[in-house]
Amino acid sequence: MNQSGSLLRMLDFYWTNMKMAIMLEFQYRVANYFYMIGMVVEPVIYLVVWSTIARAQGGSVGGYTPGAFAAYYIVWTLVRNMNIVLTPYAWEGRIRQGRLSMELVRPIHPLHSDVAFFAGWKVVAIILWLPFALYLSLIFKPELHPTWYQIVAFFFSIWGAFLIRTMLLSLLGMITFWTTRVGAIFELFFAIELVISGRLVPMSLMPEWVQRVAAFFPFQWTFGFPIEALVGQMSPSELLRGLGMQALWIVLGLVSVNLLWKFAIRQFSAVGG
Amino acid sequence: MLYLALNYLRIGILNEFQYRVNFFVQMGQSLVSLATGLIGLWLVFSHTSELNGWTRPELLAVMGIHILMGGLIQAYIQPNMGRLMEEIQMGTLDYALTKPADAQLLVSIREFRLWQLTDVLVGVIVLLVAVYQYHGVVGIWQSLAFIAALIMGAVLVYCFWLILTSTAFWIVRVDEMVNLFQGIYAAGRYPVGIYPRWLRTGLTFLVPVAFAVTVPASALTSRLTPLTLLGTLALTVFFIILARFIWRLGLHNYSGASA
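Below you will find a few notes about this structure. Quick caveat: nothing in here was measured; it's all calculated off a predicted structure. (Residues numbered from 1 in each chain as written. Chains lettered and ligands numbered in written order. Predicted model: local features only at pLDDT ≥ 70, side-chain atom pairs only at ≥ 80, totals over all residues. Heavy atoms only, no water.)

### Here we look at the overall build of chain B
Counting its secondary structure elements, chain B contains 11 helices and 0 strands. N-terminal to C-terminal, the α/β element order of chain B is α-α-α-α-α-α-α-α-α-α-α. Scored against the burial criterion, the 259 residues of chain B give a buried share of 51%. Nonlocal contacts in chain B, meaning residues at least 24 apart in sequence, comprise 83% of its contacts between residues at least 6 apart. Approximately 12,600 Å² of chain B is accessible, and the part contributed by carbon and sulfur atoms is 69%. (Helix = DSSP H or I, 4+ residues; strand = E, 2+ residues; numbered from the N terminus. Buried < 20%, exposed > 50% of the residue type's maximum accessible area, 1.4 Å probe, protein only. Contact = heavy atoms within 4.5 Å. Areas by Shrake-Rupley, 256 points an atom, 1.4 Å probe, with all protein chains shown as cover.)

### Remarks on the interface of chain B and chain A
Residue-level contacts link 30 residues of chain B with 32 residues of chain A. When the two sides are added together, the surface that chain B and chain A hide from each other amounts to roughly 2,700 Å², 80% of it contributed by carbon and sulfur. Inspection of the chain B/chain A interface yields 0 salt bridges. Elements that contribute at least two residues to the side of chain B that touches chain A include exactly α2 (21-47), α8 (176-185) and α9 (197-206) of chain B. In terms of residue count, α2(B) provides more of the side of chain B that touches chain A than any other element does, 12 residues in total. Looking at the side of chain B that touches chain A, its residues break down into 19 nonpolar, 9 polar and 2 charged. (Buried area = accessible area lost by both parts, 1.4 Å probe. Salt bridge = Lys/Arg side-chain N within 4 Å of Asp/Glu carboxyl O. Nonpolar A, V, L, I, M, F, W, Y, C, P; charged D, E, K, R; others polar.)

### A few points about the packing of aromatic side chains
A complete count under the given rule lists 32 aromatic pairs over all chains for this structure. Within the aromatic cluster, the residues linked to one another by ring pairs are Y46(A), W50(A), Y64(A), F69(A), Y72(A), Y73(A), W76(A) and F223(A). When the ring centre of W54(B) is taken as origin, the NZ or CZ atom of R223(B), which lies over that ring, is 3.8 Å away. (Phe/Tyr/Trp six-rings, centres within 6.5 Å; stacked < 30°, edge-to-face > 60°. Lys NZ or Arg CZ within 6 Å of the ring centre and 35° of its normal.)

### Details of α8(B)
For an α-helix, the turn length of 3.6 residues means that residues three or four places apart are oriented alike. Summarising burial for α8(B): 7 of the 10 residues are buried, a large majority. Where α8(B) is concerned, the buried positions are E176(B), M177(B), L180(B), F181(B), G183(B), I184(B) and Y185(B). In this structure, the buried residues of α8(B) make contact with α2 (29-56) of chain A together with α3 (56-90), α7 (140-166), α9 and α10 (209-220) of chain B.

Put into C-alpha cells, the structure is as follows:
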C-alpha cells in the first residue's frame, strides 16, 4: 500500500464517521437542546455575577465592561461546545466493561474514530448553537468588533482547542487502564482546568502568580486563548504565536498519547466484549 | 408507610457499607468542589466588597446551603428518579407497580446513596463557619424559619423531579434531564436576586432553585418576611398536589412491556 492511498483511506474514514455523527445527532435534536440549555446556564451565571461587580465598581473591573464580559461569555459558549470531547468517564466505561476489545481488533487506532465522531458532532452543535448565541446577544448586548484576521485566527484556534482537549482527556481517561477508581482524579483535573483555563473568569482577572502558573499548562489554549482571539485586542503576531503554542501542545499531546497507549495496552485484558 | 421508607433506607445503607472506600472517593470529590466554590467566592470578593447587597459571610452561607441541598438531592432524590426513568424505558416498572404499596411512595424511596451525604456534611460545616463570621443576629425565629424553608425547598425539588421524570411516560429519552437540572441548579450558588428578571422567574417557578437555596438563606439572614414564608408553604402544597396528579396521569399512560 502506498502512502497516498492510505492517506486517502484515512480521510475517507474520517469523512464517513463525521457524516454518521451528523446524522445521528440531528436525530436527537431535542436531547442536544436540553444538553445545551444546561450548558449555557454556567456562563450566564459568571456573566451576571461579573457584570454586577463591574457596574458596582463604576463601569469596569480588570478592564472588562459589562459589554466586554457579555462578548467573552457568549463566545465562551461556542468554545465550550467545541471542546466537548469524549469524556474520560467514557474511557472508564470502555475499559471496565471490556468494550475496548472490539475496538482493538479493528485495523485502526480507536482514537481516530473518537476524533472523527466528535468532529462531526461539532457541525451539528454549531448549527444548534446559533439561535442561543443570537438570543443571548439580544439580552446581554456584547461589545464585539473583531477584525478579519481575528476571525480567521478564531476559526483555527477552536479546532486547535478541540484537538488539545481530545489529547488531554484521552490521557486522563487512559489512567483507567491502571485503576478503575478514577472519579476523584477526574474531578480534580476538571477543577484545576476550570480555574486556570479562562473558563471561570478571563485570565486577566486572576492574580499575577496564578497567570504565571497557568502559562505552564495547556489549559488556557483550550479556553481563554480562542475566546480572546476573537474578543480581545490581539495583534496578528500575538495571534500567530498563540496558534503556534496550540500546535506545540497538539504535537506534545500526540506524542504522549502514543507513548502512554503503548504501555497502557499491555495492562488491558478482557473477556468477550 | 414510614416503616417501609425506613426499611428501604436501612437496606440502602447496608448496601453502601459494602463499598467503604467510596466514602473517601466521595469525600475527595466533595472537597474538590468545595475548593472551586471557595476560589470563585474569593475571586469575587477580591474585586468587590459586596455582591448586590450580600456580604461575604452571607454568600458563604448561600454556598453552604447550596452544597447541603445538592448532597440531599444526589443522595436521595436523583438516584430514585434515575431508576424510575430507566424502568419506564425498559418496561420493568411493572415490578414496582404490582407491589401492595402506594406506587409513588415506592418509586421515591428505593435508592439511597449514603456516601453522597459527604456533601451534606461539607455544606453544614461551611454553613456553620458562615454563621460564625456573620455579624447579624441568628436567633430562634431565624433558625426555625430557616429549617422550615429548607424542608419546603427539598419537597419542592422532589416534586419538580417527579414531574420531570413523569414526562418519561410520554417522551422516552430523558437522560439529558439530569444534565439539564444540574446545570440549572448551579445557578443557586448565588442569590437569585442578582439574575435578570426572565432568569429569576425561571429559577423560581420553572425550576425551584430559588426555594431550595435562596429562600432558606434569606430566612437565615433576616431577609425573609413571614408573608414569603407563607407563600412558600402554599406553593409547596400546590406542587405536591400537581406532582401527584401528573404522576397518576403518566401512570395511566404506561403500558408494561410484559417484563
